[in-house]
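So the chains spell out like this:
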Amino acid sequence: MQNHLESPNLIDGKWRHPQTDRFGNVHNPSTGEVIARVPMCGPKEIDDAVIAARKAFVSWSITPAPKRATIMFRFRELLSNAFDELCALVTRENGKTIEESKGDMRRGIEVVEYACGIAQLLKGESLPQVADQIDAITTREPLGVCAGITPFNFPAMVPLWMFPISIACGNTFILKPSEKVPLTAIRMAELLTEAGLPDGVFNVVHGGREAVDALCTHPGIASVSFVGSTKIAQHVYTTACATGKRVQAAGGAKNVLLVMPDAEPDATLRAIMGSSFGCAGQRCMAGSVLMGVGENADDLRDRVAAAIDNLKVDDTTANAKADMGAVIDGDSRDRVTRLIATAPAEGGTLVRDGRSLKRKGFFIGPTLVDHVQPSMAVFKEEIFGPVLSMLRPKTLDEAIATMNRLQFGNGASIFTSSGAAARQFTREIQCGMLGINVGVPAPMALFSFSGWNQSFFGDLHVQGLEGVMFYTRQKCVLSRWDADYVRQHGW
């Protein structure tokens, strides 16, 4: 096992300590202590990784798909055996509760399980006698060297969205994990090597923006997958596309929880609390806007406020029963604090103010803002923290119209007992992932994570069948074997 304190790169099957004097700190968010250093690598290390990956692609791309799947099966087993260790590592470097870290790992392992079926997923199509004496087949071929740039909020799941499918499809891969959470990626790379993956097929390079730009512009890289903020997603998309790469770039979100008067109250409340304050609000599927339709809005607000009072916010590395942990670092805490401050200044009512929570570590308490208007910053901007903004539309039509004003298009959920209301909601909402009485409508690995609008840039989304299509390209073969060639219909 590598010394995680040094965050080495993995290039061509070897762990390398970069020759750089620029390092960032990795913190335990629950305590604020520095637990590791991460190197700020640049074009040189990226180029070394590309050279290794291109060399490995020659043989890996023609390795039979069932043999590639065998390594995925081994990797899945190793991840399962190291499950508790990995979950503790996620909690330590990210600040999630241990239960949230288990969810992070489980959803990632589901993608590995999906990649184990790659032989079936890569099967093409065929049609004998598509024209007179002509047969047609299609195949799906790997792209080459693929790159993944992942965020801090899901140290396991988001990288696992990318590299297992890419590698199983026959590509080689370079992962640049978030410089805030490099340790989980390092451990998963060790396990993938232990599973028998050949040298150079999977590489890990650490760094910040310089490394991101090097990945986006390197001529030896065929595709870039990205998850992060909308601003950086746009930058990655435009930069990488300009150099001819295939790109999928998932950005920010502003997800709405719409509560109808006929919603079941207790189940709805549990869903709201998990969606809004799970992972300290640091997920792109977090419910950050609450819409109480009609006359029950006061009761809904009071029930949410009472539930907030019962949340146990604590050091997740010391208290396994904590309900919510810290945000990732001091900069994130300060940004969330500034956004909360805009709410009363713009006319909102702070029902619960998380800024009052003062303790060691990067903590901010769960916050509820009532009487929010669409013009306010807490409605328009992605907060990425434990802040829930409440609006009071009078009707479902008004709620849908207000929701569709948001620039993002990741997720939205309705809570109702009415099939008619649910049907109208699912038909008219302009976003890609919807829930009916589901707080976090994030798809399982079999389906693609399908954000819309400013939440996604590209054509093919991560995971699911779209993930397989993204990491491959189609080849169509027409064949004719008769001796009496007569040109017909252009052939």
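Going by the structure above, here's the rest.
On a predicted model such as this, the values are computed, not experimentally measured, just so you know.

### Examining the packing of aromatic side chains
In the structure shown here, the tally under the stated rule is 8 aromatic pairs. Judged by centre distance (4.5 Å) and plane angle (35 degrees), the ring pair of Phe163 and Phe202 falls under tilted. Here Phe163 is found in helix H6 (residues 157-168), whereas its partner Phe202 is found in strand E9 (residues 202-204), with 39 residues between them in sequence. You'll find Phe163 and Phe202 in the same group, each marked buried. One aromatic cluster is present, built from ring pairs that chain together Phe75, Phe163, Phe173 and Phe202. Above the face of the Phe363 ring, Arg359 is positioned so that its terminal group lies 4.7 Å from the ring centre.

### A word on the sheet that holds strand E6 (residues 134-142)
As a general point, the strands of a sheet are linked pairwise by backbone hydrogen bonds and lie either parallel or antiparallel. Spatial strand order, E5-E6-E22: 3 strands in an open sheet with antiparallel pairing. Each end of this open sheet is capped by a strand with a single partner; those strands are strand E5 (126-131) and strand E22 (472-479). Neighbour-to-neighbour, the strand axes of this sheet turn through a mean angle of 30 degrees, independent of strand direction. Note that E6 and E22 share 8 bridges and pair antiparallel. What sits directly across from Ala136, in E22, is Leu478.

### Remarks on the state of the cysteines
Tallied over the full model, the rule gives 0 disulfides. For the unlinked cysteine Cys169, the closest cysteine sulfur is that of Cys146, found at 8.6 Å. Of all cysteine sulfurs in the structure, the one in Cys216 sits closest to Cys241, which takes part in no disulfide; the separation is 9.4 Å. Assessed through its relative accessible area of 31%, Cys241 is described here as partly exposed.

### Focus on the nonpolar core
Judged by nonpolar contacts, the single largest core of 64 residues is most densely connected at Phe75, Leu79, Trp161, Phe163, Ile167, Phe173 and Phe202. No other element matches the 9 residues that H6 contributes to this core. Excluding residues that lie within four positions of it along the chain, Leu79 makes contacts with Leu86, Met105, Ile109, Val112, Met188 and Leu191. Listed in part, the 57 residues of the second largest apolar core include Ile272, Phe362, Val378 and Met403.

### A closer look at helix H14 (residues 396-403)
Listed in full, the buried residues belonging to H14 are Leu396, Ala399, Ile400, Thr402 and Met403. Taken end-on, H14 shows its buried residues confined to a sector of 160 degrees, consistent with a single buried face. Taken together, the buried residues of H14 touch strand E12 (255-259), strand E13 (287-292), helix H13 (377-380), strand E16 (387-391), strand E18 (411-415) and helix H15 (419-428).

### Observations concerning the sheet that holds strand E15 (residues 367-370)
The mixed open sheet is built from 7 strands, whose spatial order is E14-E15-E16-E13-E12-E18-E19. The sheet is open, and its two edges are formed by strand E14 (349-352) and strand E19 (433-436), each paired on a single side. Each neighbouring strand pair of the sheet contributes to a mean axis angle of 20 degrees, computed without reference to strand direction. In this structure, E15 lies alongside E16, joined through 3 bridges in parallel fashion. Note on E16: the bridge partner recorded for Val369 is Ser389. Across the sheet, helix H10 (residues 265-277) is in contact with E12, E13, E15, E16 and E18; its angle to E12 comes to roughly 165 degrees.

### Side note on the packing of H14 against H15
For any two helices packed against each other, one specifies the crossing angle of their axes together with the interaxial distance. The contact between H14 and H15 brings their axes to 11 Å, and the two run at 20 degrees. Taken together, the axis directions place H14 and H15 in an arrangement best described as roughly parallel. Remark: the crossing between H14 and H15 carries right-handed chirality. Contacts between H14 and H15 involve Leu396, Asp397, Ile400 and Met403 from the first element and Ala421, Gln424, Phe425 and Glu428 from the second.

### Let's talk about the pairing of strand E3 (residues 23-27)
Alternating positions in E3 separate cleanly, Gly24 and Val26 being buried on one face and Phe23, Asn25 and His27 remaining unburied on the opposite face. Pairing of E3 with strand E4 (residues 34-39) involves 5 bridges; the strand directions are antiparallel. The partner of Phe23 across the bridge, within E4, is Pro39.

Conventions adopted
- Within every chain, residues take consecutive numbers counted from 1 along the sequence as written.
- Owing to the predicted nature of the model, reporting of local features is limited to residues with pLDDT of at least 70; listing and counting of side-chain atom pairs is limited to 80 or more, with chain, interface and lining totals taken over all residues.
- Side-chain measures here rest on the full set of heavy atoms in the structure, leaving out hydrogens and waters.
- Only the six-membered ring of Trp is used, alongside the rings of Phe and Tyr, when aromatic pairs are assigned; centres must lie within 6.5 Å, and planes under 30 degrees apart are stacked while those over 60 apart are edge-to-face, with the rest tilted.
- Secondary structure elements are taken from DSSP: a helix is a run of H or I of four residues or more, a strand is a run of E of two residues or more, and numbering for both begins at the N terminus.
- Whether a residue is buried, partly exposed or exposed follows from its accessible area with a 1.4 Å probe, protein chains only, as a fraction of its type maximum: under 20%, in between, or over 50%, in that order.
- Cation placement over rings: the criterion is NZ of Lys or CZ of Arg within 6 Å of the ring centroid and within 35° of the ring normal.
- Criterion used throughout: strands pair if DSSP finds at least two bridges between them.
- All axes are obtained by fitting lines to C-alpha atoms, using only the stretch in contact for helices, and the reported angles, taken between N-to-C directions, cover 0 to 180 degrees.
- In plain terms, two cysteine sulfur atoms within 2.5 Å form what is called a disulfide here.
- To define a nonpolar core, start from buried Ala, Val, Leu, Ile, Met, Phe, Trp, Tyr and Cys residues and group those joined through side-chain atoms within 4.5 Å.
- Should any heavy atoms of two residues lie within 4.5 Å, those residues are considered in contact.
- The reported arc concerns the directions from the helix axis to the C-beta atoms and nothing else.
- For classification purposes, an angle smaller than 35 degrees is called roughly parallel, one larger than 145 roughly antiparallel, one from 65 to 115 roughly perpendicular, and anything else oblique.
- Here is the rule for handedness: rotate from the far helix to the near one, and if that takes an anticlockwise turn smaller than a right angle the crossing is left-handed, while a clockwise turn gives right-handed.

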